[in-house]
Amino acid sequence: LPGAADPQQFWDLLREGRSAIGEVPISRWDWRETGGGARGEAGRHYTRFGGFIADVDKFDPLFFGIAPQEAETLDPQERLFLETAWHALEDAGYPAPVCKGRAVGVYVGVMNAGYEWLSGRASVQGHGGDAHSAYWSVANRVTYCFDFTGPSMAVDTACSSSLTALHLACDALRRGDCETAIAGGVNVIAGPVHFTRLCNLGMVSEGPDCKSFGDEADGFVDGEGVGAVMLKPLSRALADGDFIHGLVRGSAINAGGKTG
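What counts, and at which threshold
Residues numbered from 1 in each chain as written. Predicted model: local features only at pLDDT ≥ 70, side-chain atom pairs only at ≥ 80, totals over all residues. Heavy atoms only, no water. Helix = DSSP H or I, 4+ residues; strand = E, 2+ residues; numbered from the N terminus. Rg over C-alpha atoms; globule rule 2.2 N^0.38 Å. Buried < 20%, exposed > 50% of the residue type's maximum accessible area, 1.4 Å probe, protein only. Areas by Shrake-Rupley, 256 points an atom, 1.4 Å probe, with all protein chains shown as cover. 1 Å grid on protein atoms, 1.4 Å probe; cavity = no way out; pocket = protein on both sides within 12 Å on 5 of 7 lines; lining within 4 Å. Points joined across faces, edges and corners; volume = space filled by probe spheres on them. Contact = heavy atoms within 4.5 Å. Core = buried A, V, L, I, M, F, W, Y, C linked by side-chain atoms within 4.5 Å. Salt bridge = Lys/Arg side-chain N within 4 Å of Asp/Glu carboxyl O. Pairing = 2+ DSSP bridges. Axes fitted to C-alpha atoms, helices over the stretch in contact; angles between N-to-C directions. Phe/Tyr/Trp six-rings, centres within 6.5 Å; stacked < 30°, edge-to-face > 60°.

If you tally the helices and strands in the protein chain, you get nine helices and six strands. In terms of C-alpha radius of gyration, the protein chain reaches 19 Å, essentially the compact-globule figure of 18 Å for 260 residues. Projecting the C-alpha coordinates of the protein chain onto the three principal axes gives extents of approximately 60 × 50 × 40 Å. Here the protein chain holds 260 residues, and the buried ones make up 42% of them. If you sum the accessible surface of the protein chain, you get close to 14300 Å²; carbon and sulfur atoms cover 54% of it.

As structure tokens, then:
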């Protein structure tokens, strides 16, 4: 998460009251070239603030049996979720090799495809490249690399994507579609077009703060993150002697209808 490499660091950040919001890192893009516009100014974004995670370009492809040349074409969201799924399994005491060939479901919320846009821009500039963003591949990459045989799907319900993925995973466990499941979400702001689109809709705040329900409220502050949990029916977890971090007592899914 922004300002934190793991849940403990994130908890420390919250406990100490530190903000993880900052200007767009120069390693992503120079916001001075695409930002600085006013609300309603097409083609530019009026905010330079967001929550950015570190090292989205760092990945060890050989660890996962992926050729380096292929890894460069994969959306960073795909790489990050693969790494995070590995960590989730290790934390649960079930490293990926132990789960090989088992009915483990993978449900991941994902909604942005900025890496593919960067590839298109590079091609126009004559640099070529085959980078792509495929939501299904974020989930299927985990299933393929770890040789899981349960359901594997990506879910895009906008801001509720990861919660919807969690709900679907719980339903799958109840139905017996899988014996365990990995559920989570990933979001990376790969390029300025994402900010520009949000600004064109007037959805984001101009500053680094989100003033929810206040007189000065002017939008949300966009942010990145990746997370995953391993799910099992409680009876199974107790019988297997698993360490239980939390209990999902219930979930539901709906839509707001004709609302703003």
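Take the layout of surface pockets next. For the largest pocket, the calculated volume is near 1500 Å³. Forming the boundary of the largest pocket are 40 residues, of which A88, G227, A228, V229 and M230 lie nearest the centre. Elements represented by at least two residues in the lining of the largest pocket include exactly helix 1 (7-16), helix 4 (76-92), helix 7 (161-175), strand 6 (225-231) and helix 9 (234-239). The dominant element in the lining of the largest pocket, judged by the number of residues it contributes, is helix 4, at seven residues.

Turning to the side chain of T84, a few remarks are in order. For T84, the position within the fold is in helix 4. Those residues in contact with T84 that sit more than four places away from it in its chain are V226, G227 and A228.

Take the nonpolar core next. In terms of nonpolar packing, the biggest core is built from 30 residues, with F81, L89, V142, F146, F148 and V186 touching the most fellow members. Considering each element in turn, this core owes the most residues, six residues, to helix 4. Among all residues touching F81, those that are not within four sequence positions of it are V106, Y107, V108, V138, V142, I182, G184, G185, V186, V226, G227 and A228.

Another point: the pattern of salt bridges. With the rule as written, the count across this model stands at 18 salt bridges. For the salt bridge of K58 with D57, the shortest nitrogen-to-oxygen distance reads 3.2 Å. Overall, the relative accessible area of 48% leaves K58 in the partly exposed class. Among the residues examined, D57 registers a relative accessible area of 55% and is labelled exposed. Three or more residues joined by partner-sharing salt bridges are found here, namely K232, R236, D240 and D242.

It is worth spelling out the sheet that holds strand 4 (residues 152-155) at this point. Spatially, four strands are ordered 4-3-5-6 in an open sheet, and the strand pairing comes out mixed. Both outer strands of the open sheet, strand 4 and strand 6, are each paired with one neighbouring strand and no more. The sheet shows a mean angle of 15° between the axes of neighbouring strands, direction not considered. Bridge count for strand 3 (residues 104-109) against strand 5 (residues 180-187) is six bridges, and the pairing is parallel. What sits directly across from V106, in strand 5, is I182. Packing of helix 4 onto the sheet brings it into contact with strand 3, strand 5 and strand 6, and relative to strand 6 it is tilted by some 40°. Here helix 7 sits on the sheet and contacts strand 3, strand 4, strand 5 and strand 6; the angle it forms with strand 5, its principal contact strand, is near 170°.

Once that is clear, we can look at helix 6 (residues 135-146). Taken together, the buried positions of helix 6 are occupied by S137, V138, A139, R141, V142, T143 and F146. Tucked inside the fold, the buried residues of helix 6 contact helix 3 (68-73), helix 4, strand 3, strand 4 and strand 5. Following helix 6 by one or two positions, D147 adopts a phi angle in the positive range, close to 60°.

Let us now look at the packing of aromatic side chains. Tallying each qualifying case throughout the model produces nine aromatic pairs. Relative to F195, the ring of F52 has its centre 6.3 Å away and its plane inclined at 50°; by these criteria the two rings are tilted. With F52 in the loop between strand 2 (49-50) and helix 3 and F195 in helix 8 (residues 192-200), the pair connects residues that are 143 residues apart, well separated along the chain. Under the relative-accessibility criterion, F195 is labelled buried at 2%. Centroid distance F63 to W86: 4.8 Å. Interplanar angle 75°. Geometry classified as edge-to-face. One end of the pair, F63, is in the loop between strand 2 and helix 3; the other, W86, is in helix 4, with 23 residues separating them in the sequence. Among the aromatic residues, ring-to-ring pairing joins F59, F63, F64, W86, F146 and F148 into one connected group.

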